[in-house]
Structures are given as C-alpha cells and as structure tokens.
Amino acid sequence: MAKLILSMDGLVLKEIALTKERTTIGRKPHNDIQIDNLAISGEHAAIVTILSDSFLEDLNSTNGTYVNGQPVKKHFLKDNDVVELGKYRLKFVCEAVSATSTEYEKAPALDLPRASPVAGGAPVPRSPTDTQVGMRPSTHYSTVASDSTPLQSVGVIKILSGGNAGKSLDLSKTLTTLGKPGVQVAVITRRPQGYFLTHVEGAQFPIVNGRTIDAQAYPLADHDVIELAGVKMEFFLRS
C-alpha cells in the first residue's frame, strides 16, 4: 500500500497511508492531510489513488506544488518522489507491484480528438497493456492492468456522441482510463463487486445520468449514461 511520510526540516512528523481514492492536502481542517501553515493554501493539492497508481494534482494553490524540486500541476507519483509544500515534505513510498504472474489482455483504444499536453513533470510511457480512451501514448498516466475475480457479466462502454459515436469497448481489464488529458480524465475499475467510475483529473467531475458525481468511486449500473470531456457514452453489462 502506498503511503506518504510527512516531514519538516528533516524531522518526520507522521506517516499517512493512502487508503482513500482521493486524499486532499491543505490548511483547512476538512482536508485529509491538514498542514496548518500560512504557506499552504486552504485546499492545496489532492492525490488520487487507483489500485497501485497515485496521481498528484495541484489545486491552483497560491505558492505551488513541487515534486523533486520541479513545479507541477499534475504528476504521476513514483516511489521515493518528494512532494514539497512550503517547508513541508511528503515522501511518496509505494511497494512495487509484481506482474510476472498476471495475465494481460489487450484492448483497442477509442481515438477521441487530440488533447493538449498535460502541464508539469515529465511524461510517463504508457504500458502496451493499458486501455486508454481518448488519451495519447505519451501521457502522465501509466497503469498496470490485471484481471480480478472474473465477473459474470463483462462491462462495455458505447460512445454515443462525437466522431467515435457507435464504437464500443469491452471493459475486460482491471483499469480503463477515459477522457482527455489536461481537460478531464476518469477511470473505470473492474472489481469483484462490479464496475466503479472515479474522477482523476479536471475541474469538472464526470456526470452520470445527468447528475455530477463526487470524488468517491461511483458504482455503475446497467445502462448508465456517462458524460466525460464533452462526450456521452453508455455503460452496459453483456452476459
């Protein structure tokens, strides 16, 4: 499990396990990690953790967010990365996930319109086993995909609008990324309990059946209509 080690001036203050899918960092008390210092914005940054991957996003903070000395807006966290917020340091520690015994299943990506590059940090090469809808091969997001306990029904995404209307994609892998980097990104995770939609990037959260979801994982039901990055798509289960 990934964790953060909070320190200041070399003194370790605490360790925080990233058990939530969205962990917020800021000066205000409602944040998951509260740092009561005027150099820290009320809502400074957030970390989204999906399976073994964690993504850091600066929430338009006043003094900025740095990783390994470089200013970032969005960053795919790697083991031993150091997030710098004023005088505070958050070291990201994550045990490597072994994929030697994992079966991989390739699936074609649906090519949505090209998006602008994501600002901040160096891009992380995408794994050839990733399923990414509307994302180009070089982005901040790299995932390890593995099938969990097989479900009786396989989920499918069908594009309803835009240039790819009518195309569909089987959600047979553990993690499928959808959206446009720099605009709006979400992931659909396949679990033994079903399929879940989680917001990863962008000021706007995904819309399901006309209602905006929140930061928590949203359980998808048969024939839910998702709106993401200006594209409508239908989720359904195929036996």
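The paragraphs below set out a description of the structure included in this document. (Residues numbered from 1 in each chain as written. Predicted model: local features only at pLDDT ≥ 70, side-chain atom pairs only at ≥ 80, totals over all residues. Heavy atoms only, no water.)

Observations regarding the side chain of S41
So, step 1. Along the chain, S41 turns up in the loop between β4 (33-34) and β5 (45-50).
So, step 2. With sequence-adjacent residues up to four places away left out, S41 is seen in contact with G26, R27, S61 and T62. (Helix = DSSP H or I, 4+ residues; strand = E, 2+ residues; numbered from the N terminus. Contact = heavy atoms within 4.5 Å.)

What about the sheet that holds strand β21 (residues 211-212)?
Strands pair in a sheet through their backbones, by hydrogen bonds, and they do so in one of two ways: parallel or antiparallel.
So, step 1. With antiparallel pairing, the six strands of this open sheet are ordered in space as β16-β15-β24-β23-β20-β21. Strand pairing shows two members of the sheet lacking a second neighbour, β16 (168-171) and β21, which therefore form its edges.
So, step 2. Alignment of strand β20 (residues 207-208) against strand β23 (residues 224-228), held across two bridges, turns out to be antiparallel. Within β23, the position partnered with V208 by the bridge is I226. (Pairing = 2+ DSSP bridges.)

Things to note about the pattern of salt bridges
So, step 1. On inspection of all chains with the given rule, the structure shows six salt bridges.
So, step 2. A salt bridge links D58 to K73; its shortest N-O distance comes to 3.5 Å. Note that D58 is positioned in strand β6 (residues 53-58) and K73 in the loop between β8 (70-72) and β9 (74-76), a separation of 15 residues in sequence.
So, step 3. What makes K73 partly exposed here is its relative accessible area of 37%. (Salt bridge = Lys/Arg side-chain N within 4 Å of Asp/Glu carboxyl O. Buried < 20%, exposed > 50% of the residue type's maximum accessible area, 1.4 Å probe, protein only.)

Observations concerning the sheet that holds β4
So, step 1. Read across the sheet, five strands follow the order β4-β3-β5-β6-β9 without closing on themselves; strand pairing throughout is mixed. In this open sheet, the two edge strands, each paired with only one partner strand, are β4 and β9.
So, step 2. Here strand β3 (residues 22-26) pairs with β4 via two bridges, running parallel. Among the inter-strand pairings, I25 is bridged to a residue of β4, identified as I33.

As far as function goes, none of this settles anything; it's purely spatial.
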